[in-house]
Amino acid sequence: MRRLVLALLCGSAVSLAFAGVAVTDDAAQWGPYKVGDKRSGYTFAQPETRAIQEDDFENPAFLLVDAAAELWETAEGEAGKSCADCHEDVESMKGVGTRYPIYFEPWGKLMNVEQRINQCRVDNMKAEPWKYESDALLGMTMLVKLQSRGMPMEVSIDGPAAPFYEKGKAFYEERRGQLDMACAHCHVDNAGTMLRANLLTQGQPNGFPTYRLKWQKAGSLHRRLRGCNKQVRAKPFKAGSDEYVNLELYISHRANGLPVETPAVRN
Amino acid sequence: MAKPKPRIRAPKKASKGEVIEIKTLISHPMESGQRKDRKTGEIIPRKIINAFTCTYNGQEVFKADFHPAISANPYMSFFVKVKESGEFEFTWVDDDGTTYSKKSKLTVN
Amino acid sequence: MTSQTKAEQTGAAGWTRRRFIITLGAASAAAAGLTALPGGAAWSAEDAKTVEEEIKRLMGGKELADGAKIISMDLPQIAENGNTVPLEVSVESPMTEADHVTTVHIVADGNPRPGVASFHFSPLSGRAQASTRMRLAKTQNVIAIAEMSDGKAYMTKAEVKVTIGGCGG
């Protein structure tokens, strides 16, 4: 049944869904990109795609990162402040990318890095928040997370974050859409097998925002989640919605131990 | 669209007669003219970087013509044989006539 | 060409990775059937007209010798995504004032518009080599045509398989 559903998912009833292709599984080969059973999307990518990620110059995501480095120093808003006025060098953001989403007391709910940046703009700079998926917000999110590149993800789900983690977990395991599929069907049960000509990954978020070849630009984790939801013909949630931030906490915790790779390059 | 921004990777120093590699990247969607707007069904007009030029001390050393089949954020790498110190100038030409350029100095000894 | 063993080790995607490099002595099946254009029946009639038009536009009616021995194209044999296919092309040449490559044209025979790029070299290039990234609409041949300072021209080609993804997202 699942085989049929997935075949339908990719628009062909006679596809290669789950052809059971053996996957190279050599810890030494994958270095930091494989921790225990956890495998970064890097290990599922083709060599040509990995090569673009390996050289920051060749990675087009850095075009937005470069622009964000200028924005970091640029005063905006009524307070006349730049990011650098409070935080000094962007290196002060080291570690931030490993911890988010976090529980944010004033909201009584979770907050991810994108939302943290916008909250800072509103509260401290008295500036307009950036639109989700705008080049500015993508660039700044990547610049902030880049400071943690190589550090292991260590998202906390203790204390007040716990109920939101449970919500995210429920979302991950809940069937949805016309194809009646949960995230876990592809990314847990069938990670490493073929879905038509694509290799299903574990859906690890440690490289986001990421430069995606399909998009031909950098994009957020929530954009990717929307794409996943659309693929099972479910109504996607809004980028930045509570549903997706809760899900982000669940999958980020699931990635704990994998290195931050932002900005990664993926198919 | 934000103003396209070029990135250059070129050595700052080289020895006389050395052949050096130069890598370039510029932010640009490279709209192919083949895509349709999902809402209106209209063809989205072509808008690409159609030419790239590299000069050294004013002399053209490498040039490329691009068609819509070049990927978004065009990447270009090539080689230059350097004989004396000087300055590279890299220029990209947009379909709308706008040019974007960047310079890079090189010391040859 | 990468050996099979190595390919399996590095093949993250389960399929083997074999880069398609056509060089001296490594003339592969894709290049073997190639003769001078125009008039070659190497591709389907549907595409031929457009590709021939493009080649005619670039080269006039000039005869194109088999370039398999002097032109190298480094391309993935299977492209994960047709939006961004890396290409490196190089042509053997001393690159002197008297003997150098002037231009390399890249044409893709299965794209709605077959033109990809033209690279113009000079003796100051030092090396007739260039890399870029291109879009391939489907599985097809990538053609390289090299023009020399002595007026001669050569052509070779290589096939790239473009996969159709399952989870576009």
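Only a predicted model underlies this, so the values are computations on that prediction, with no experimental measurement involved. (Residues numbered from 1 in each chain as written. Chains lettered and ligands numbered in written order. Predicted model: local features only at pLDDT ≥ 70, side-chain atom pairs only at ≥ 80, totals over all residues. Heavy atoms only, no water.)

1. A closer look at the overall build of chain A
For chain A, the helix and strand inventory stands at 12 helices and 9 strands. Contacts in chain A between residues at least 24 apart in sequence constitute 68% of all its contacts with a sequence separation of at least 6. Roughly 11,300 Å² of accessible area belongs to chain A as shown, and the carbon and sulfur atoms make up 51% of that amount. (Helix = DSSP H or I, 4+ residues; strand = E, 2+ residues; numbered from the N terminus. Contact = heavy atoms within 4.5 Å. Areas by Shrake-Rupley, 256 points an atom, 1.4 Å probe, with all protein chains shown as cover.)

2. Topic: the interface of chain A and chain B
Counting residues at the interface gives 13 residues for chain A and 13 residues for chain B. Carbon and sulfur atoms make up 55% of the area that chain A and chain B hide from each other, which totals about 1,200 Å². Sorting the residues of chain A by area buried against chain B places A:Phe57, A:Glu58 and A:Leu63 first, and these three jointly supply 57% of that buried surface. In this assembly, chain A and chain B are joined by 5 salt bridges. Taking the shortest distance from any N to any O, the salt bridge between A:Asp66 and B:Arg7 comes out at 2.8 Å. Counting across the chain A and chain B interface gives 10 residue pairs in polar contact (both at pLDDT 80 or more). Among the elements that take part in the side of chain A that touches chain B, helix 4 (residues 61-72) of chain A stands out by supplying 5 residues, more than any other. Taken together, the residues that form the side of chain A that touches chain B break down as 6 nonpolar, 2 polar and 5 charged. (Buried area = accessible area lost by both parts, 1.4 Å probe. Salt bridge = Lys/Arg side-chain N within 4 Å of Asp/Glu carboxyl O. Polar contact = N/O pair within 3.5 Å; in protein donor to acceptor, adjacent residues only side chain to side chain. Nonpolar A, V, L, I, M, F, W, Y, C, P; charged D, E, K, R; others polar.)

3. A word on the interface of chain C and chain B
Each partner contributes to the interface: chain C provides 27 residues, whereas chain B provides 28 residues. Here chain C and chain B share 0 salt bridges between them. Looking at the side of chain C that touches chain B, the elements with two or more residues in it are helix 3 (45-59), strand 7 (115-120) and strand 8 (128-134) of chain C. Residue composition of the side of chain C that touches chain B, by class: 9 nonpolar, 12 polar and 6 charged. For strand 6 (residues 75-81) of chain B and strand 8 of chain C, the ladder comprises 3 bridges, and the chain directions are antiparallel. Looking at strand 8 of chain C, one finds that B:Met76 is bridged to C:Thr132. (Pairing = 2+ DSSP bridges.)

4. A word on the sheet that holds strand 7 (residues 210-212) of chain A
Adjacent strands of a sheet form backbone hydrogen bonds with each other and so pair up, either parallel or antiparallel. All names here are of chain A. Taken together, 3 strands build an open sheet; the order of strands is 8-7-9 and the sheet is mixed. What marks the edges here is a single partner per strand, and that holds for strand 8 (217-219) and strand 9 (265-266). When strand 7 meets strand 8, the two strands line up antiparallel, connected through 3 bridges. If you follow Thr210 over to strand 8, its bridge partner there is Gly219.

5. Describing the packing of helix 11 (residues 221-231) of chain A against helix 12 (residues 242-254) of chain A
Residue and element names in this part refer to chain A. At a minimum axis separation of 11 Å, helix 11 and helix 12 run at an interaxial angle of 100°. Considering the angle they form, helix 11 stands roughly perpendicular to helix 12. From helix 11, Leu221, His222, Leu225, Arg226 and Asn229 reach across to helix 12, where they touch Tyr244, Val245, Leu247, Glu248 and Ile251. (Axes fitted to C-alpha atoms, helices over the stretch in contact; angles between N-to-C directions. Parallel < 35°, antiparallel > 145°, perpendicular 65-115°, else oblique.)

6. A few points about the confidence of the model for chain A
Close inspection of predicted coordinates is inappropriate in any region flagged by low pLDDT. With 90% of its residues at a pLDDT of at least 70, chain A reaches an overall mean of 91. Here residues 1-23 of chain A scores under 50 on pLDDT; set against residues more than four positions off or in separate chains, the count is 46 contacts. (pLDDT = per-residue confidence, 0-100.)

7. Digging into empty space enclosed by the protein
Residue and element names in this part refer to chain A. Under the defined criterion, the tally for this structure stands at 5 cavities of 30 Å³ or more. In this structure, the largest cavity occupies an estimated 140 Å³ of space. Along the walls of the largest cavity sit 20 residues, with Lys145, Pro205, Phe208, Glu248 and Ser252 positioned nearest its centre. Every element with two or more residues in the lining of the largest cavity is listed here: helix 7 (113-125), helix 11 and helix 12. Within the lining of the largest cavity, the residues separate by chemical class into 10 nonpolar, 7 polar and 3 charged. (1 Å grid on protein atoms, 1.4 Å probe; cavity = no way out; pocket = protein on both sides within 12 Å on 5 of 7 lines; lining within 4 Å. Points joined across faces, edges and corners; volume = space filled by probe spheres on them.)

8. Digging into unusual backbone geometry
Residue and element names in this part refer to chain A. Along the chain, Phe208 connects to Pro209 via a cis peptide bond; the corresponding omega equals -10°. Position of Pro209 among the secondary structure elements: in the loop between strand 6 (198-199) and strand 7. With omega at -10°, the peptide bond leading from Thr262 into Pro263 counts as cis. In this model, Glu88 sits at a positive phi of 55°, which is unusual for a non-glycine residue. Residue placement: Glu88 occurs in the loop between helix 5 (83-87) and helix 6 (96-99).

9. What to know about the pairing of strand 10 (residues 153-162) of chain C
All names here are of chain C. The buried fraction of strand 10 is high, at 7 of 10 residues. Bridge analysis of strand 2 (residues 65-66) against strand 10 gives 2 bridges, and the strand direction is parallel. Pairing of Asp66 across the sheet is with Met155, part of strand 10. Relative to strand 10, strand 4 (residues 78-79) runs parallel, the two being bridged by 2 bridges. Paired with Ala79 across the bridge in strand 10 is Val162. Looking at chain direction, strand 9 (residues 140-148) and strand 10 are connected through 8 bridges and run antiparallel. The partner of Asn141 across the bridge, within strand 10, is Glu159. Counted along the chain from strand 9 to the antiparallel partner strand 10, the turn is 4 residues long, and its residue Gly151 has a positive phi close to 95°. (Buried < 20%, exposed > 50% of the residue type's maximum accessible area, 1.4 Å probe, protein only.)

10. Description of helix 12 of chain A
Taking 1.5 Å of rise per residue, 13 residues should cover 18 Å, and helix 12 of chain A covers 18 Å from first to last C-alpha, within 8% of that figure. With respect to burial, helix 12 of chain A is a largely interior element, 10 of its 13 residues being buried. (Expected span 1.5 Å × (residues − 1).)

11. Quick notes on the packing of aromatic side chains
Counted by the stated rule, this structure contains 18 aromatic pairs over all chains. Ring centres of A:Tyr103 and A:Phe164 lie 6.0 Å apart, and the angle between their planes is 35°; this geometry places the pair in the tilted category. Within this pair, whereas A:Tyr103 is found in strand 3 (residues 102-104), its partner A:Phe164 is found in helix 9 (residues 162-173), the two being separated by 61 residues in sequence. The class of A:Phe164 is buried, set by a relative accessible area of 13%. Both rings, one in B:Phe62 and one in B:Phe78, keep their centres 4.4 Å apart while their planes meet at 5°; by these two values the pair is stacked. A residue pair is termed long-range when its members are at least 10 positions apart, and B:Phe62 in strand 5 (residues 59-66) and B:Phe78 in strand 6 qualify at 16 residues. Neither B:Phe62 nor B:Phe78 differs from the other in exposure class; each is buried. Grouped by ring-pair contacts, the aromatic residues B:Phe52, B:Tyr56, B:Phe62, B:Phe78, B:Phe88, B:Phe90, B:Trp92, C:Phe119 and C:Phe121 constitute a single cluster. (Phe/Tyr/Trp six-rings, centres within 6.5 Å; stacked < 30°, edge-to-face > 60°.)

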